[in-house]
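Chain and residue survey
In case you want the letters, here they are:
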Amino acid sequence: MSKIFRYIAIGLLVLGFAIIVITISKFGTVSINLPPDPHKLSDFGAFIGGLVGSIFSLAVALFIYITFVESKQVAFESTFFNMLKIHNDLVNDISFEDVSKLITGRRCFKKFYDILRGGYLNSKTEFSHDKNIKWIQKNSGLKIKESHPEILYKINPPGIDEEVNDEFQIEFAQYIFNDLYDNQNANLNHYFRFLYHIIKTIDESTISGKKKYTGIMRANLSSYEQILLFYNTIWMGQNGKFKRLIEKYKLFKNIQTELVFNDVHTSFYDKKAFGNDD
């Protein structure tokens, strides 16, 4: 937008000077051998002060506006890249004790993903059991303890076929991520809050080219950071604030879909989140 205004301002200056030259030529005042006509000079001065003066004033106003916009852009870029540096520092400070080996930095996200995938592969029975107990307690008024699972088979709660039940798959994804988040709160809490703050700052700014900066932020995320963000946002639910921004700025445009545990999980998001606008 600044470039367009700059071209307009330059065009106005060229137009103003062109009018002056044409007007001087018309009135014949370019010749120093001819005596000036007072009436012509008066008309010429009024013309310059009116039309041409207004054109120059508009050009100057545009240049002032361009300077103001560009100064805001520079100030924003300074803030953005400082935040990006802080984000990278946060990532570098993350650590995970894996048996006898300390894992640090971005490599931790691969480990977090492995833990999350292990939960997905090994916790369905436990989750189904908990979900069924909650359904029975809600709909029958019975107080069922985990030590009496045989009651489940007598009441037969609906919607427990996880292979065809989309709601089950989404809730299960939330369940396993909640377990990871509880165990890795010290590492993940500040990370996701600050990542959200960066995208929110871009969204609420008045600068142009916002998608350029969210694109830089997206490119700064590793594949495993993206997939952890993917499941963190599912865990937050449909009303989560981050979900809207992810979809608006296509933050999963280049996500490795083979890392997603189940195709149903992608349906949690609008297809715009993956760069599909059709």
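First things first, this report covers the structure right here in the doc. (Residues numbered from 1 in each chain as written. Predicted model: local features only at pLDDT ≥ 70, side-chain atom pairs only at ≥ 80, totals over all residues. Heavy atoms only, no water.)

Looking only at helices and strands, one finds eleven helices and two strands in the chain. Along the chain, helices and strands appear, N-terminal first, in the series α-α-β-β-α-α-α-α-α-α-α-α-α. Out of the 278 residues belonging to the chain, those deemed buried represent 39%. Sequence separation of 24 or more characterises 70% of the internal contacts of the chain that already satisfy a separation of 6 or more. Total accessible area on the chain is roughly 16400 Å²; 57% of this is exposed by carbon and sulfur atoms. (Helix = DSSP H or I, 4+ residues; strand = E, 2+ residues; numbered from the N terminus. Buried < 20%, exposed > 50% of the residue type's maximum accessible area, 1.4 Å probe, protein only. Contact = heavy atoms within 4.5 Å. Areas by Shrake-Rupley, 256 points an atom, 1.4 Å probe, with all protein chains shown as cover.)

With 18 residues, helix H6 (residues 166–183) extends 26 Å from end C-alpha to end C-alpha; this agrees with the ideal 26 Å at 1.5 Å per step. Buried residues of H6: Phe 168, Gln 169, Ile 170, Phe 172, Ala 173, Ile 176, Phe 177, Leu 180 and Tyr 181, and no others. (Expected span 1.5 Å × (residues − 1).)

What follows is about the pattern of salt bridges. Scanning the entire structure with this criterion turns up eight salt bridges. With a shortest N-O distance of 3.5 Å, Arg 244 and Asp 203 are connected by a salt bridge. Here Arg 244, found in helix H10 (residues 241–248), pairs with Asp 203, found in helix H7 (residues 185–204); they are 41 residues apart in sequence, far enough to count as distant. By relative accessible area, which is 12% here, Asp 203 ends up buried. Between Glu 247 and Lys 243 there is a salt bridge, and its shortest N-O distance comes to 2.6 Å. Taken as a pair, Glu 247 and Lys 243 lie in helix H10 at a separation of four residues, close to a single helical turn. Look at the salt bridges and you will find they share partners, linking Asp 203, Arg 244 and Lys 248 into a network. (Salt bridge = Lys/Arg side-chain N within 4 Å of Asp/Glu carboxyl O.)

Once that is clear, we can look at the nonpolar core. Of all hydrophobic cores here, the largest spans 57 residues; its most connected members are Phe 112, Ile 227, Leu 228, Phe 230, Tyr 231, Phe 252 and Tyr 269. Of all the secondary-structure elements, those providing two or more residues to this core are helix H2 (38–93), helix H3 (107–122), H6, H7, helix H8 (210–219), helix H9 (223–236) and H10. Discounting chain neighbours no more than four positions away, the residues touching Phe 112 are Ile 94, Phe 96, Leu 180, Gln 184, Asn 187, Leu 188 and Leu 228. In this structure, Leu 12, Ile 19, Ile 55 and Ala 59 belong to the second largest nonpolar core, which totals five residues. (Core = buried A, V, L, I, M, F, W, Y, C linked by side-chain atoms within 4.5 Å.)

Attention now goes to the pairing of strand E2 (residues 101–104). Each regular strand carries side chains that alternate between the two faces of the sheet. Pairing analysis gives four bridges linking strand E1 (residues 95–98) to E2, with the strands arranged antiparallel. Residue pairing across strands places Asp 98 opposite Lys 101, the latter belonging to E2. (Pairing = 2+ DSSP bridges.)

Once that is clear, we can look at the packing of aromatic side chains. Per the counting criterion, the structure on display carries 27 aromatic pairs. Summarising the aromatic geometry, the rings of Tyr 181 and Trp 235 are spaced 4.5 Å apart at their centres and angled 35° between planes, so their arrangement reads as tilted. Taken together, the residues Tyr 181 in helix H6 and Trp 235 in helix H9 connect sequence positions 54 residues apart. For Lys 243, the ring lying beneath its charged end belongs to Phe 268, and the centroid distance is 5.5 Å. (Phe/Tyr/Trp six-rings, centres within 6.5 Å; stacked < 30°, edge-to-face > 60°. Lys NZ or Arg CZ within 6 Å of the ring centre and 35° of its normal.)

This part takes up the packing of H9 against H10. Where H9 contacts H10, the two axes come as close as 8 Å, and the packing angle between them is 135°. Classified by the angle between their axes, H9 and H10 sit oblique to one another. Along this stretch, H9 crosses H10, giving a crossing that reads as left-handed. Contacts between H9 and H10 involve Leu 229, Thr 233 and Met 236 from the former and Lys 241, Phe 242, Lys 243 and Ile 246 from the latter. Of the residues contributing to the contact of H9 with H10, the split by class is four nonpolar, one polar and two charged. (Axes fitted to C-alpha atoms, helices over the stretch in contact; angles between N-to-C directions. Parallel < 35°, antiparallel > 145°, perpendicular 65-115°, else oblique. Left-handed = near helix turned anticlockwise from the far one by under 90°. Nonpolar A, V, L, I, M, F, W, Y, C, P; charged D, E, K, R; others polar.)

Here we come to unusual backbone geometry. A positive phi angle, close to 55°, is found at Lys 250, a residue other than glycine. As for its placement among the helices and strands, Lys 250 is situated in the loop between H10 and helix H11 (263–266).

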